[in-house]
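Observations on the model geometry
For reference, the chains in residue letters:
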Amino acid sequence: MRAARLQYDAAGRAWRAAQRPGSTFDQKDWLTRGGSLTAHLRKLGDVRVRVTREAVDRAWPDECAALHIGPRTRVWVREVVLEVDGVPFVVAHSIAPLPASRGVWQAMRRLSTRPLAELLYADSTVARSVLVSTRLAPRHPLAVLARRQIAGRVPHALLARRSVFVRHGAPLMVTECMLPALWSHLDACSRAPARGDAHSYVLPHDRGGRPARPSHAGHGPSRTTERAALTRRRPPPSSSSSS
């Protein structure tokens with residue numbers, strides 16, 4: 001996988017690379033996190049890829065604009081749900097122009113329940129555009145697909161991200177909608193120190209390995225918890241006195 005200046009740009013009127021105001025620390029992190037999303041999810045639990053549709057169809061209007069194709073252009077569509085420990089966390093929608101799905105990207109037709117990441121991140125000839133994100137309008141086709149996988153109350157707006165992968169000049173666009181269950185899981189993990197022990201709490205780190213303090217309340221240890229952790233780390237005072 002390599003980064004390069006591409007002729008295809010996933011950005012659009014509603015899709016942008018800038019971080020969205022009002023987003024939580026976790027949302028900003030996962031909407032901009034590079035690498036394989038499946039690999040990141042595996043750190044949260046057992047991941048299963050459930051294929052919901054593979055078919056020839058027409059691209060969505062915002063996809064046509066990003067890939068510079070006409071509104072009647074046929075594409076190969078792959079839609080999956082990424083589940084963690086049996087709970088839907090992400091709905092993904094991927095497309096490639098029909099000729100590319102029979103040529104450069106023909107392997108995506110044979111993936112079955114294997115993740116698309118197996119094609120994208122093991123090939124040094126594949127380049128990726130910048131990740132862009134948006135709050136999906138309720139009528140957006142991906143929002144409609146995502147609502148089918150949500151148990152309970154459906155939020156007014158769902159967060160999604162997308163990027164274009166290019167191999168030998170042929171594009172493949174991947175759009176991923178993060179479901180409420182993912183945010184709830186991350187929020188629960190960040191609120192609870194490991195084993196409930198203050199000194200065992202590990203602060204999150206940014207991509208450079210530096211401690212990163214979350215920008216929203218409720219994430220990370222409180223100052224009281226931090227003081228308790230520091231107190232427990234201090235060595236006991238020496239029994240001998242100096243003269």
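Residues numbered from 1 in each chain as written. Predicted model: local features only at pLDDT ≥ 70, side-chain atom pairs only at ≥ 80, totals over all residues. Heavy atoms only, no water.

**Topic: the pairing of strand β4 (residues 87–97)**
With respect to burial, β4 is a largely interior element, ten of its eleven residues being buried. In the sheet, strand β3 (residues 74–84) pairs with β4 via ten bridges, with the strands oriented antiparallel. Bridge assignment links valine 81 to a residue of β4, and that residue is valine 91. Here β3 hands over to β4 after two residues, with aspartate 85 in that stretch at a positive phi of 55°. Here six bridges tie β4 to strand β8 (residues 170–178), and the two strands are oriented antiparallel to one another. Looking at β8, one finds that serine 94 is bridged to valine 174. (Buried < 20%, exposed > 50% of the residue type's maximum accessible area, 1.4 Å probe, protein only. Helix = DSSP H or I, 4+ residues; strand = E, 2+ residues; numbered from the N terminus. Pairing = 2+ DSSP bridges.)

**So, unusual backbone geometry**
Non-glycine residue aspartate 85 carries a positive phi angle of around 55°. By the element assignment, aspartate 85 lies in the loop between β3 and β4. Note on aspartate 85: relative accessible area 53%, which makes it exposed. A positive phi angle is found at serine 112, which is not glycine, with a value near 60°. Summarising the element assignment, serine 112 is placed in the loop between α4 (98–101) and α5 (117–120). Since its relative accessible area comes to 44%, serine 112 is described here as partly exposed.

**Remarks on the pattern of salt bridges**
Applying the stated criterion across every chain, the model contains eleven salt bridges. With its nearest N and O atoms 2.5 Å apart, the salt bridge here joins aspartate 29 to arginine 33. When sorted by exposure, aspartate 29 lands in the same class as arginine 33, which is buried. A salt bridge links aspartate 62 to arginine 162; the shortest N-O distance between them is 3.4 Å. With aspartate 62 in helix α3 (residues 61–67) and arginine 162 in strand β7 (residues 158–167), the pair connects residues that are 100 residues apart, well separated along the chain. What you see here is one network of salt bridges that share partners, running through Arg48, Arg50 and Glu83. (Salt bridge = Lys/Arg side-chain N within 4 Å of Asp/Glu carboxyl O.)

**Re the packing of aromatic side chains**
In total, this model carries one aromatic pair according to the counting rule given. On the numbers, 6.1 Å between centres and 85° between planes, the contact of tyrosine 121 with phenylalanine 165 is edge-to-face. Remark: phenylalanine 165 occurs in strand β7 and tyrosine 121 occurs in the loop between α5 and β5 (126–128); sequence separation between them is 44 residues. Stacked on the ring of tryptophan 76, the Lys or Arg arginine 109 has its end atom at 4.0 Å from the ring centre. (Phe/Tyr/Trp six-rings, centres within 6.5 Å; stacked < 30°, edge-to-face > 60°. Lys NZ or Arg CZ within 6 Å of the ring centre and 35° of its normal.)

**What to know about the side chain of threonine 175**
With respect to the secondary-structure elements, threonine 175 resides in strand β8. Threonine 175 sits in the buried class, given a relative accessible area of 2%. Not counting residues up to four positions away in its chain, the partners in contact with threonine 175 are Trp15, Glu63, Val91, Ala92, His93, Leu142, Arg161 and Arg162. (Contact = heavy atoms within 4.5 Å.)

**Here's the deal with the nonpolar core**
Core analysis: the largest hydrophobic core is formed by 28 residues, its most contacted members being Leu136, Leu142 and Cys177. Looking at this core, the elements with two or more residues in it are α3, β3, β4, β6 (132–136), α6 (141–147), β7 and β8. Residues contacting cysteine 177, with those up to four places away along its chain left out, are Phe89, Val90, Val91, Leu136, Leu142, Ala146, Leu158, Leu159 and Ala160. (Core = buried A, V, L, I, M, F, W, Y, C linked by side-chain atoms within 4.5 Å.)

**Comments concerning the pairing of β8**
In terms of burial, β8 is largely enclosed, as nine of its nine residues are buried. As defined by bridge partners, β7 adjoins β8 across nine bridges and the pair is classed as antiparallel. Counterpart to serine 163 in the pairing with β8 is valine 174. The antiparallel pairing of β7 with β8 creates a hairpin that spans two residues between the two strands, and histidine 168 there sits at a positive phi of about 50°.

Function cannot be inferred from these measures alone, as they are strictly geometric.
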